[in-house]
Amino acid sequence: MSQTPQTLLINGEWRASVDGITQEVNNPANGTVIQTISQASTADVVAALEAADAAFPVWAGMSARDRARFMHDAMDIFRANLDAAARLLTLEHGKPLNDSIKECRYSADVIDFYAEEGRRIDGTHFAGDLGPTHSFVLRQPVGVVAAITPWNFPVDLLAWKLGPGLAAGCTFVIKPPSEAPLAATAFVRAFAEAGLPPGVLNVVTGPGGSVGAEMVTNPLSRKIAFTGSTATGLWIAEQAARQLKHVTLELGGSAPFVVCDDADLDAAVPDALRRAYSHTGQICISVNRIFVQRGVYEPFVERFTAAASKLRVTADGLAEPDADMGPMINAKAIDTVRQHVADALERGATVTTGGDSPTGPLYANGYFYLPTVLTGVHRDMRVMQEETFGPLAPIAVFDTLEEGVKMANDSPYGLAAYVYTADLDRAFYAAKHIRSGGVGININDITDMRGPFGGMKMSGTGRELGQPGMDSYMEFKHVRLRHRAPR
Ligand code: NDP
């Protein structure tokens with residue numbers, strides 16, 4: 001590309017960065033350059049924050065009905081171009097096209113959902129306890145939001161922030177991930193084309209260490225909405241605390257999948273498989289550790305291993321839209337998987353399938369790793385304590401459910417957990433005692449836009465989606481009114 005790309009959105013204008021720096025977006029399946037984009041400088045980030053700050057009274061002052069109209073119009077435009085956005089997502093991330101389409105559709109649904117939730121924002125009122133007073137609790141938008149998102153669900157995780165935030169009346173500066181900024185930018189483009197007032201949404205692409213850091217530390221942002229690694233989340237929490245900014249931090253996970261001996265294996269095996277390997281295991285709610293009760297351990301391992309070895313790994317997610325998984329995102333990600341496998345093998349584990357990259361010319365230039373199963377694992381292995389974020393499923397055995405739950409809780413993380421059983425008492429016991437923000441009972445996904453999503457322990461703080469996801473973009477203001485009998 002000879003011209004400087006204009007991929008920053010600042011105050012309603014698509015621009016190049018002020019110092020003309022660019023960066024490349026690569027296809028992780030084959031290493032080719034998909035597109036060159038602008039890399040924002042600090043001056044660009046500041047301009048974006050100022051634009052969002054100036055637009056705040058305009059957007060917050062609009063009726064919720066008018067805000068909803070912009071949001072619905074934007075999603076009509078996005079849906080009309082959804083196939084193109086999904087193809088970009090497959091190119092930049094590697095996930096098979098059907099997974100990209102699903103992500104884009106869900107993202108649009110989230111925006112539509114919150115557009116209507118915004119129209120239902122209400123407050124409470126009550127007669128005061130001390131004297132003749134009446135109180136109202138108003139809910140008002142927090143201000144400018146810095147939204148920082150990761151590469152694994154770059155559209156979806158942006159929608160989870162924009163939906164409730166825009167509906168509440170907040171304005172945004174968005175930093176998409178460097179590895180996968182294109183589909184997210186296409187998503188924002190739909191809002192711009194819907195005629196959103198300038199400055200309500202701003203996009204600055206570039207490295208987290210400079211662009212993201214300025215968004216976090218600059219006093220103009222009043223809330224940081226972040227999804228990504230625990231290490232970055234901790235840094236953001238420290239910085240935000242210095243200015244008492246609002247934060248929502250959705251961080252890493254190490255989801256346990258607990259299979260009781262009364263579980264329906266016809267459901268448990270494919271459900272565990274999908275949640276362990278879809279998106280190449282690169283989901284914060286991916287199954288990281290499988291615990292199976294002794295009575296069904298052997299048949300589970302046998303069936304799970306057989307099914308994992310048959311999964312289809314594609315080097316071209318556009319040509320094979322229904323493949324099971326694609327490449328990993330980059331060399332660092334694949335290195336973590338290799339290290340976790342090597343560490344487990346050194347400490348006595350066995351690989352029952354996978355354990356290496358696929359061979360052949362199709363896979364030669366990408367970041368591929370086979371769906372891998374480990375048995376003979378124990379708590380001291382890295383794979384049982386750290387987030388692998390790859391296609392690796394260790395399986396351990398337990399005897400009583402109490403022991404299974406204890407093993408599930410033996411992790412610094414607490415985002416998602418899954419329990420498979422036919423017994424209501426066991427299900428309730430596990431749901432109550434597992435320390436995670438979400439528990440799926442006989443279901444391998446804890447996501448529903450009507451329910452809260454977020455982590456305990458090192459998996460984060462705050463909740464997205466549901467009503468708590470909306471509340472986190474609002475301040476609660478207590479208005480206390482003294483009234484007297486009229487004279
Ligand atoms: P990061 O936390 O580094 O990146 C997530 C986002 O934060 C990206 O947009 C990144 O920018 C940005 N960022 C990085 N540093 C800063 C900073 N100092 N201030 C503000 N923003 C910053 O995660 P990675 O992408 O490097 O992934 C590493 C690991 O994190 C994974 O292997 C996985 O364990 C975990 N992870 C968890 C996710 C989840 O869904 N909870 C999602 C992704 C990763 P940029 O990348 O452009 O530099």
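Residues numbered from 1 in each chain as written. Predicted model: local features only at pLDDT ≥ 70, side-chain atom pairs only at ≥ 80, totals over all residues. Heavy atoms only, no water.

1. Considering the nonpolar core
Part 1: Counting residues in hydrophobic clusters, the biggest one holds 95 residues, and the most contacted among them are F300 and F304.
Part 2: Broken down by element, the residue count for this core peaks at nine residues, all from helix α4 (residues 97-118).
Part 3: Not counting chain neighbours up to four residues away, the residues in contact with F300 comprise V259, L265, A268, V269, A272, I290, V292 and I395.
Part 4: With 30 residues, the next largest nonpolar core counts C260, V337, L401 and V405 among its residues. (Core = buried A, V, L, I, M, F, W, Y, C linked by side-chain atoms within 4.5 Å. Buried < 20%, exposed > 50% of the residue type's maximum accessible area, 1.4 Å probe, protein only. Helix = DSSP H or I, 4+ residues; strand = E, 2+ residues; numbered from the N terminus. Contact = heavy atoms within 4.5 Å.)

2. Details of the state of the cysteines
Part 1: Tallied over the full model, the rule gives zero disulfides.
Part 2: No disulfide involves C284; its sulfur sits 17 Å from the nearest other cysteine sulfur, which is in C104. (Disulfide = S-S within 2.5 Å.)

3. With respect to the domain arrangement of the chain
Part 1: What the domain assignment reports for the chain is domain 1 (8-251 + 460-477) and domain 2 (255-448).
Part 2: If you average the C-alpha positions of domain 1 and of domain 2, the two centres end up 31 Å apart.
Part 3: Contacts between the two partners involve 27 residues from domain 1 and, on the opposite side, 30 residues from domain 2.
Part 4: Buried area between domain 1 and domain 2, summed over both chains or domains, comes out near 2,200 Å², and the portion from carbon and sulfur atoms is 62%.
Part 5: Applying the counting rule to domain 1 against domain 2 returns one salt bridge.
Part 6: Two residues, D99 and R274, come together in a salt bridge whose shortest N-O distance is 3.1 Å.
Part 7: The tally of links from domain 1 across to domain 2 stands at six residue pairs in polar contact (both at pLDDT 80 or more).
Part 8: Looking at the side of domain 1 that touches domain 2, the elements with two or more residues in it are α3 (82-93) and α4.
Part 9: Among the residues forming the side of domain 1 that touches domain 2, the class breakdown is eleven nonpolar, eight polar and eight charged. (Domains from an automatic or database assignment. Buried area = accessible area lost by both parts, 1.4 Å probe. Salt bridge = Lys/Arg side-chain N within 4 Å of Asp/Glu carboxyl O. Polar contact = N/O pair within 3.5 Å; in protein donor to acceptor, adjacent residues only side chain to side chain. Nonpolar A, V, L, I, M, F, W, Y, C, P; charged D, E, K, R; others polar.)

4. Concerning the sheet that holds strand β12 (residues 255-259)
Part 1: If you walk across this open sheet you meet the seven strands as β14-β15-β16-β13-β12-β18-β19, and the pairing is mixed. The sheet terminates laterally at β14 (350-353) and β19 (438-441), the two strands that pair on one side only. Put simply, the sheet's adjacent strands are angled 25° from each other on average, direction ignored.
Part 2: Bridge analysis of β14 against strand β15 (residues 372-375) gives three bridges, and the strand direction is antiparallel. Following the sheet pairing, T353 is matched in β15 by V373.
Part 3: In this fold helix α9 (residues 265-277) packs onto β12, β13 (287-293), β15, β16 (392-398) and β18 (416-420), with an angle of close to 170° to the strand it touches most, β12.
Part 4: In the packing of helix α10 (residues 294-309) onto the sheet, contacts are made with β12, β13, β14, β15 and β16, and the angle to β13 comes to roughly 140°. (Pairing = 2+ DSSP bridges. Axes fitted to C-alpha atoms, helices over the stretch in contact; angles between N-to-C directions.)

5. Overview of the side chain of T149
Part 1: With respect to the element layout, T149 can be found in the loop between β7 (144-148) and α5 (156-168).
Part 2: Beyond its immediate stretch of four places on either side in the chain, T149 contacts L157, L158, K161, K175, P176, P177 and T227.

6. Concerning the environment of I285
Part 1: Mapped onto the elements, I285 comes out in the loop between α9 and β13.
Part 2: For the pair I285 and G438, spaced 153 residues apart in sequence, the C-alpha to C-alpha distance is 9.4 Å.
Part 3: Setting aside chain neighbours within four positions, we find I285 in contact with A255, R275, L415, A416, Y418, D445, I446, T447 and F453.

7. Let's talk about the site of the ligand
Part 1: Residues in close proximity to the ligand total 25 residues, the closest being W151, K175, S178, S229 and E387.
Part 2: In the environment of the ligand, an oxygen atom lies 2.6 Å from a nitrogen or oxygen atom belonging to the side chain of S178.
Part 3: Contact with the protein chains removes 82% of the 870 Å² of surface that the ligand exposes when unbound.
Part 4: Counting only elements with at least two residues in the shell around the ligand, the list comes to α7 (208-217), β10 (223-227) and α8 (230-242).
Part 5: Among the elements that line the shell around the ligand, the one with the most residues is α7, at three residues.
Part 6: Grouping the amino acids of the shell around the ligand by side-chain chemistry returns eleven nonpolar, ten polar and four charged.
Part 7: Counting only domains with at least three residues in the shell around the ligand, you end up with domain 1 (8-251 + 460-477) and domain 2 (255-448). (Near = heavy atom within 4 Å. Areas by Shrake-Rupley, 256 points an atom, 1.4 Å probe, with all protein chains shown as cover.)

8. Quick look at the pairing of strand β3 (residues 22-26)
Part 1: In β3, alternate side chains face the same way, and those of Q23 and V25 are buried while those of T22, E24 and N26 on the opposite face are not.
Part 2: Here β3 runs beside strand β4 (residues 33-38); their pairing, made up of five bridges, is antiparallel. Along β4, the bridge assignment pairs N26 with V33.
Part 3: Hairpin connection of β3 to β4: six residues between the antiparallel strands, including G31 at a positive phi of 80°.

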